[in-house]
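Observations on the model geometry
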Amino acid sequence: MSADTQQQQKPGVSRRSFFRGALGAAGGMAAVTTALKPLLEFDTSEYTLEGFLQRHYKEMTPEELDAALARIAEAVEKRYEVRPELRDVKPMDGVEFGYALNLSRCIGCRKCVHACVAENNQSRSPEIQYIRVLEMPRGSIDMEKGDHAYDRPTVPDADHFYMPVQCHQCANPPCVKVCPVEATWSEDDGIVVIDYDWCIGCRYCEAACPYWARRFNFAEPQIPKEDINPDMSYLSNRPRQKGVMEKCHFCLHRTREGKLPACLEVCPVGARKFGNLLDPKSEVSQILRTKHVFVLKEEVGTLPRFFYYFDDDYHGERK
Amino acid sequence: MNQGTPQPRVDRFRGHRFSAYFVAPVFFALAAWFWFGPELETLPEANDTSVHASLLSTEPHRTILGDPPRVHVNGFDRTCMECHRLFQSEEAKTQKLLQHEHIRMEHGPNVDCYICHDAEDRDQLTLGNGVTTKFTDVVSLCARCHPSIVDDWKLGSHGRTNGYWSADRGEVRKLVCTECHDPHAPRTPAMSKIEPLPAPNGWRQGNPAPDHHDSHGHKRDPLREALRRASEHHESHDK
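Please read these numbers as outputs of a predicted model, since none were measured by experiment.

**Concerning the overall build of chain A**
- A tally of helices and strands in chain A yields 10 helices and 12 strands.
- Taken across its 319 residues, chain A has 55% of its residues classed as buried.
- Taking contacts inside chain A between residues at least 6 apart in sequence as the whole, the part at least 24 apart equals 67%.
- If you sum the accessible surface of chain A, you get close to 15100 Å²; carbon and sulfur atoms cover 55% of it.

In structure tokens form, the structure reads like this:
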């Protein structure tokens, strides 16, 4: 660029250029204001400074955690008019949870799906469900052929078997590896948990999971007040907010206190088995020893703690 | 290179004019659209899609007889022997049951009551060869014919367990055979087909669940479904 041109480019502010600039600036301001208008309608009542400054679950001191629990409980009570029993349940020593599911027994009634929704305060609108029951053609274990939207008058159908899929609580979890903010991690008892207050909603984990086990809150979750389950813990079933991930956590607020998960309790055919893998006498341990168990997508190396099996006397026929 | 040769000014300012006279009006038009244009359509929210709690009962299918077994017959609450001390009914083996009309015998070839019930002491079950057991120990009786299933039940793969996953933490409620199966008709009705609870539907926002005839036999396509509903919505507005 020549010095000659630069001189030509530096004219003084003429009347015309001033008005042109002023008009452009005013128009730009108006456009920006308009674009930001939806922010005025944004409901900020549930956002507090304490919540914003809250630290990561693993970095909080016990006092900070208590304060966070109290704050969350208050927010829940304000919104749902129910006083929750919100607490933080730690993993137990010498316990590693495992799940086994008997595919010869499952009839595809979806009671587990809806018991899970009720237990874990999942959004009813839009629907969020942790368990997906696949209706699979007999003689194949190809998940591509599974249909989770089957809508039959009665189940089971003679030509299909039913395979519920939920979070497998992998020992080598890809969802944990991809999280850019470490909002999800594997606990000592094998449960992969999420700090809903730390999640930024990037959905990397959803993409990484080979089992389609993670769910994203695209909209503000809607739960009828009378359906709230007040038995809550920080890492499991406290109400989530828009823009965060959630998934099955083996009902840790129940199982870490010795109870069985809600999906198992409601199963009418006893297809679901749960227990401590480190206890050789537990139901899951005995099933793993005596039955031909398999895991889904073994080849991807996720090492799930969720096992499927068929009964040895299973003839593949139901009357 | 080309030093000292001024480039034609008009070419270098064409881009600026372009932004001034073309891009800016687009922003103004957008602004006007947001202010005065039609309201954005908000997705309707579903009414209560919750499943009724009665469908999610964790209770066993059947209540079983204790020890001694008490039954309600014709308004009386009696143990078996309180009546059968008087009525021995030895002939009832192949006759139609009169007092126990609700019992439906569909247990394969087992039509004789005394295969399982003790003929002398009706408060007991018989294991054969004069050995009896209590009603609460029905598993021993079932194991006579179904040993492999009882083995599976013992190790936990067959049957239901409720309550706690370890006896150290609380009561492990291991349901016995007759809490799911009717001993007189083991396959039905508890193990019959049932209606499944609603399928997942991310688009079920204020829209009723599609009826069985609508979606039966083919996969529900949420996007296509939404487009169909949107077009119906607009058609009904045009009329």
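**Quick look at the overall build of chain B**
- Per the secondary structure count, chain B includes seven helices and six strands.
- Written out in order from the N terminus, the α and β elements of chain B read α-α-β-β-α-β-β-α-α-β-β-α-α.
- Within chain B, the fraction of its 239 residues that count as buried is 24%.
- Across chain B, every contact between residues at least 6 apart in sequence was considered, and the portion connecting residues at least 24 apart equals 47%.
- Accessible surface, chain B as shown: approximately 17200 Å² in total, 58% of it carbon and sulfur.

**Let's talk about the interface of chain A and chain B**
- Between chain A and chain B, the residue contacts involve 67 residues of the former and 53 residues of the latter.
- Taken over both partners, the interface formed by chain A and chain B buries close to 5200 Å², and the fraction arising from carbon and sulfur atoms is 53%.
- Taken together, the links from chain A to chain B amount to two salt bridges.
- Here K291(A) ties to D152(B) by a salt bridge, and the two come within 2.9 Å at their closest N and O atoms.
- Linking chain A with chain B are 19 residue pairs in polar contact (both at pLDDT 80 or more).

**Here's the deal with the pattern of salt bridges**
Residue and element names in this part refer to chain A.
- The final tally for this structure, using the stated rule, is 27 salt bridges over all chains.
- Between D88 and K90 there is a salt bridge, and its shortest N-O distance comes to 2.9 Å.
- Assessed through its relative accessible area of 19%, D88 is described here as buried.
- In this structure, E246 and R240 form a salt bridge, with 2.7 Å as the shortest nitrogen-oxygen distance.

**Details of helix 4 (residues 62-80) of chain A**
Residues and elements named next belong to chain A.
- Under the 1.5 Å per step criterion, the end-to-end length of helix 4 is 26 Å for 19 residues, consistent within 8% with the ideal 27 Å.
- When helix 4 is considered as a whole, its buried residues turn out to be L65, A68, L69, I72, A73, V76 and Y80. The arc that holds the buried residues of helix 4, viewed along the axis, is 135°, so those residues lie on one side. Structural note: helix 4 exposes E63, E74 and K78 on the side pointing more than 90 degrees away from its buried face.
- If you follow the buried residues of helix 4, they end up packed against strand 1 (85-87) and strand 8 (231-233).
- Looking one or two residues beyond helix 4, the residue adopting positive phi is E81, at roughly 60°.

**Some remarks on a nonpolar patch on the surface**
- A contiguous nonpolar patch, built from F22(B), V23(B), V26(B), F27(B), L30(B), W33(B) and F34(B) and spanning about 710 Å² of accessible area, is present on the exposed surface.
- Position of L30(B) relative to the elements: it lies in helix 2 (residues 14-36).

**Some thoughts on the side chain of N121(A)**
Residues and elements named next belong to chain A.
- By the element assignment, N121 lies in the loop between helix 5 (111-119) and strand 3 (132-137).
- For N121, a relative accessible area of 2% translates into the label buried.
- Residues in contact with N121, not counting those within four places in the same chain, are I223, D227, I228, N229, M232, N237 and R240.

**Re the packing of aromatic side chains**
Residue and element names in this part refer to chain A.
- In this structure the tally under the stated criterion is 15 aromatic pairs over all chains.
- Between Y99 and F274, the ring centres sit 5.7 Å apart and the planes meet at 70°, which makes this aromatic pair edge-to-face. Residue Y99 is found in strand 2 (residues 97-102), and its partner F274 is found in strand 10 (residues 272-276); the two are separated by 175 residues along the sequence.
- Residue class for Y99 comes out buried when judged on its relative accessible area of 0%.

**Section: unusual backbone geometry**
- Residue P156(A) is reached from V155(A) by a cis peptide bond, and omega for that bond is -5°.
- You can see P156(A) is positioned in the loop between strand 3 and strand 4 (160-165).
- Here D67(B) and P68(B) are connected by a cis peptide whose omega angle stands at -5°.
- Note on placement: P68(B) falls in the loop between helix 2 and strand 1 (70-73).
- For R203(A), which is not glycine, the phi torsion reads 65° and is therefore positive.
- Structurally, the position occupied by R203(A) is in the loop between strand 6 (192-194) and helix 7 (204-208).
- For R203(A), a relative accessible area of 32% corresponds to the partly exposed category.
- The phi dihedral of C251(A) is positive, around 45°, even though this residue is not glycine.

**Concerning the pairing of strand 4 (residues 131-134) of chain B**
Residue and element names in this part refer to chain B.
- The pairing of strand 3 (residues 124-128) with strand 4 spans four bridges and is antiparallel. What sits directly across from L125, in strand 4, is T133.
- The hairpin turn running from strand 3 into strand 4, its antiparallel successor, is two residues long, and N129 in that turn takes a positive phi close to 55°.

**Concerning helix 5 of chain A**
Residue and element names in this part refer to chain A.
- Counting buried residues along helix 5, eight of its nine residues qualify, which places the element largely inside the surrounding structure.
- The complete set of buried residues in helix 5 reads K111, C112, V113, H114, A115, C116, V117 and E119.
- In this fold, the buried residues of helix 5 make contact with strand 3, strand 8, helix 8 (252-255), helix 9 (262-266) and strand 10.
- At the C-terminal side of helix 5, N121 shows a positive phi close to 50°.

**Side note on the sheet that holds strand 11 (residues 293-294) of chain A**
Residue and element names in this part refer to chain A.
- Across the sheet, which stays open at both edges, the four strands sit in the order 10-2-12-11 with mixed pairing between neighbours. The open sheet terminates on both sides in strands that have one partner only, identified here as strand 10 and strand 11.
- Of the pairings in the sheet, the one linking strand 11 to strand 12 (residues 306-309) comprises two bridges and is antiparallel in character. By the bridge assignment for strand 12, V293 is matched with Y309.

**Quick look at the environment of K225(A)**
- Take K225(A): it is sitting in the loop between strand 7 (214-216) and strand 8.
- With a relative accessible area of 39%, K225(A) lands in the partly exposed category.

**Observations concerning the state of the cysteines**
- Scanning the entire structure with this criterion turns up zero disulfides over all chains.
- Its sulfur unpaired, C263(A) is 6.0 Å from the next cysteine sulfur, which belongs to C251(A).
- Among the residues examined, C263(A) registers a relative accessible area of 6% and is labelled buried.
- The thiol sulfur of C180(B) is not disulfide-bonded, and the nearest other cysteine sulfur, from C177(B), lies at 8.9 Å.

So, how was this worked out
The numbers attached to residues start from 1 for each chain and follow its sequence in the written order. Whichever chain is written first is A, and whichever ligand is written first is 1; the rest continue in order. Since the coordinates come from a predicted model, pLDDT governs what is reported: local features require at least 70, and pairs of side-chain atoms require 80 or more to be given and counted, while whole-chain, interface and lining totals use all residues. With hydrogens and water set aside, each side-chain value is computed from the structure's full complement of heavy atoms. Helix and strand definitions here come from DSSP, where helices need a minimum of 4 consecutive H or I residues and strands a minimum of 2 consecutive E residues; each element is numbered from the N-terminal end. Only protein chains enter the accessibility calculation, which uses a 1.4 Å probe; a residue is then buried when its area is under 20% of its type maximum, exposed when over 50%, and partly exposed in between. Note on definitions: a residue-residue contact is assigned when non-hydrogen atoms from the two residues lie within 4.5 Å. Each accessible area is a Shrake-Rupley result for a 1.4 Å probe, and residues are judged covered by the shown protein chains and nothing else. As used here, buried area is the combined drop in accessible area, with a 1.4 Å probe, of two parts when they are placed together. Salt bridges are defined as contacts in which a side-chain nitrogen from Lys or Arg sits within 4 Å of a carboxyl oxygen from Asp or Glu. Whenever a nitrogen or oxygen atom comes within 3.5 Å of another N or O atom, the pair is scored as a polar contact, on the condition that within protein one atom can donate a hydrogen and the other can accept it, and that pairs from neighbouring residues in sequence are kept only if both atoms are in side chains. Multiplying one less than the number of residues by 1.5 Å gives the expected span of a helix. Think of it as the arc spanned by the lines of direction from the helix axis to the C-beta atoms. To count toward a patch, a residue needs a relative accessible area over 30% and no salt bridge; like charges are then connected within 9 Å, while nonpolar side chains (Val, Leu, Ile, Met, Phe, Trp, Tyr) are connected within 5 Å. Any two rings among Phe, Tyr and Trp, with Trp reduced to its six-membered ring, count as a pair given centres within 6.5 Å; such a pair is stacked if its planes are under 30 degrees apart, edge-to-face if over 60, and tilted if neither. If DSSP finds at least two bridges between two strands, the strands pair. Sulfur atoms of two cysteines make up a disulfide when they are within 2.5 Å.

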